[in-house]
Amino acid sequence: MKIITKVDELKNAVKAYRHEGKTIGLVPTMGALHGGHKSLVDRARRENDVVVVSVFLNPTQFNNKEDLRTYPRTAEADAALLEGCGVDIAFMPTVADVYPEPDNRVFHLGPVAEVMEGAMRPGHFNGVCQIVSKLFAMVEPDRAYFGEKDFQQIAVIRAMVEQLGLKLQIVPCPVVREDDGLAKSSRNVRLTPEVRKVAPNIYRVLRESVDYSKTHTVAETHDWVVEQINAYPLMEVEYFSICDGRTLQPVDQWTDTPYVVGCITVYCGDVREIDNIAYRK
Ligand code: PAF
């Protein structure tokens, strides 16, 4: 595995692979790698000749300075994990390498980027689009892999890809969970033991709500989920949206669209956890 830190070196390395006619899969990450990332890398490994993984804690997508400050940084362990997964290139640049000048681009991606995370974290998706578009331009991958835990992020990146007229395939990958159901996340290490015990109830309630939804309205299901989760100590739902899985706009009736998803964000102590579940697909 080559560890590359400079943009020009990355571009030259992928250019050489492309001249050999090789397909390239990209897995963008912010490091603090876990089993969820590994599943993206393993899938990219199966589907491409060359796998590039970027490990870059992108400051422009953090609207909360404290979140950026406390985000786990585990560069050495990340490199070891990627080596073990048979990655060809780990791209581990500094902020100055990626942003030699401030990126002032503003993306207008419409309603898909304005709800949920877009509403709660102003500027977050703009920062995601800045870094992901830069990575796409550097690597020009055939496929790029993203986890469905960040369900809205995938919809936003698809909208950006369409707007920029890019040819690559966006590959969504299923959420990977701990044995007790908690979605794997780099932020999980920040949960106190007390909070870690109750956090799996997010997914337990979401799963049970699928049954509940069969005999209740969208509004009733929404309120039931919020009440159940808020009943636990140290947990507070920030938002729960039952929405169209493509447009991410809230639905009123289960029959409004064939693909209905519930997207939730819960404060577990001071850690913000995100998860989702499909109601109709
Ligand atoms: O999902 C993430 O880890 C980040 O938002 C991404 C896509 C790597 C961009 O920094």
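Structure first, text after, so check above.
Residues numbered from 1 in each chain as written. Predicted model: local features only at pLDDT ≥ 70, side-chain atom pairs only at ≥ 80, totals over all residues. Heavy atoms only, no water.

A. Broad picture of the environment of serine 39. Tracing the chain through its elements places serine 39 in helix 2 (residues 35–47). The exposure class of serine 39 is partly exposed, given its relative accessible area of 25%. Here the alpha-carbon distance between serine 39 and leucine 234, two residues 195 residues apart in the chain, equals 30 Å. (Helix = DSSP H or I, 4+ residues; strand = E, 2+ residues; numbered from the N terminus. Buried < 20%, exposed > 50% of the residue type's maximum accessible area, 1.4 Å probe, protein only.)

B. Highlighting the sheet that holds strand 4 (residues 89–91). The strand order across the open sheet formed by 6 strands is 1-4-3-2-5-6, and the pairing between neighbours is parallel. Each end of this open sheet is capped by a strand with a single partner; those strands are strand 1 (2–4) and strand 6 (169–173). Each strand axis lies, on average, 25 degrees off the axis of its neighbour in the sheet, ignoring direction. Where strand 3 (residues 50–55) lies against strand 4, 3 bridges are found, and the strand directions are parallel. When the bridges of strand 4 are listed, valine 53 appears paired with alanine 90. With respect to the sheet, helix 1 (residues 7–19) is in contact with strand 1, strand 2 (24–29), strand 3 and strand 4, its orientation differing from that of strand 4 by roughly 155 degrees. (Pairing = 2+ DSSP bridges. Axes fitted to C-alpha atoms, helices over the stretch in contact; angles between N-to-C directions. Contact = heavy atoms within 4.5 Å.)

C. Expanded view of the site of the ligand. The local shell around the ligand consists of Pro28, Thr29, Met30, Gln61, Ile131, Phe146, Asp150 and Gln153. A distance of 2.6 Å separates an oxygen atom of the ligand from a polar atom in the side chain of glutamine 61. In the environment of the ligand, an oxygen atom lies 2.7 Å from a nitrogen or oxygen atom belonging to the side chain of glutamine 153. Burial of the ligand by the surrounding chains reaches 89%, relative to a free accessible area of 280 Å². Each residue belonging to the shell around the ligand can be placed in one class, and the counts come to 4 nonpolar, 3 polar and 1 charged. (Near = heavy atom within 4 Å. Polar contact = N/O pair within 3.5 Å; in protein donor to acceptor, adjacent residues only side chain to side chain. Areas by Shrake-Rupley, 256 points an atom, 1.4 Å probe, with all protein chains shown as cover. Nonpolar A, V, L, I, M, F, W, Y, C, P; charged D, E, K, R; others polar.)

D. Summary view of the packing of helix 10 (residues 201–212) against helix 11 (residues 218–230). Two elements in contact, helix 10 and helix 11, have axes separated by 10 Å at closest approach and are oriented at 150 degrees. Judged on the interaxial angle alone, helix 11 and helix 10 are roughly antiparallel. As helix 10 packs across helix 11, the resulting crossing turns out to be right-handed. For the pair helix 10 and helix 11, the contacting residues are Ile202, Val205, Leu206, Glu208, Ser209 and Tyr212 in the first and Glu220, Thr221, Trp224, Val225, Gln228 and Ile229 in the second. Looking at the contact of helix 10 with helix 11 residue by residue, the classes come out as 7 nonpolar, 3 polar and 2 charged. (Parallel < 35°, antiparallel > 145°, perpendicular 65-115°, else oblique. Left-handed = near helix turned anticlockwise from the far one by under 90°.)

E. Expanded view of the packing of aromatic side chains. Counted by the stated rule, this structure contains 6 aromatic pairs. The interplanar angle of 70 degrees and the centroid separation of 6.5 Å between the aromatic rings of phenylalanine 136 and phenylalanine 146 together place this pair among those described as edge-to-face. One end of the pair, phenylalanine 136, is in helix 7 (residues 124–139); the other, phenylalanine 146, is in strand 5 (residues 143–147), and 10 residues separate them in sequence. Each member of the pair, phenylalanine 136 as well as phenylalanine 146, carries the same accessibility label: buried. An angle of 75 degrees between the planes, with centres 6.4 Å apart, marks the rings of phenylalanine 151 and tyrosine 259 as edge-to-face. Here phenylalanine 151 is found in helix 8 (residues 151–164), whereas its partner tyrosine 259 is found in the loop between strand 7 (235–244) and strand 8 (260–268), with 108 residues between them in sequence. For arginine 177, the ring lying beneath its charged end belongs to tyrosine 203, and the centroid distance is 3.3 Å. Over the ring of tryptophan 254 we find arginine 280; its NZ or CZ atom is 4.5 Å from the centre of that ring. (Phe/Tyr/Trp six-rings, centres within 6.5 Å; stacked < 30°, edge-to-face > 60°. Lys NZ or Arg CZ within 6 Å of the ring centre and 35° of its normal.)

F. Representation of helix 10 within the structure. Its 12 residues place the ends of helix 10 16 Å apart at the C-alpha level, agreeing with the 16 Å of an ideal helix rising 1.5 Å per residue. Every buried residue belonging to helix 10 is among Asn201, Ile202, Tyr203, Val205, Leu206 and Ser209, and all of these are buried. Residues of helix 10 that are buried make contact with helix 9 (193–198), helix 11, strand 7, strand 8 and strand 9 (271–280). (Expected span 1.5 Å × (residues − 1).)

G. Geometry of the sheet that holds strand 8. The strand order across the open sheet built from 3 strands is 7-8-9, with neighbouring strands paired in antiparallel fashion. Single-partner strands in this sheet number two, and they are strand 7 and strand 9. Here the average twist between neighbouring strands, direction ignored, is 15 degrees. In the sheet, strand 7 pairs with strand 8 via 9 bridges, with the strands oriented antiparallel. For valine 237, the partnering residue across the bridge sits in strand 8 and is valine 266. Sitting on the sheet, helix 10 touches strand 7, strand 8 and strand 9, and the angle it makes with strand 9 is about 15 degrees. Lying over the sheet, helix 11 contacts strand 7, strand 8 and strand 9, oriented at roughly 160 degrees with respect to strand 7.

Everything listed here is a matter of coordinates, which is why it stays silent on function.
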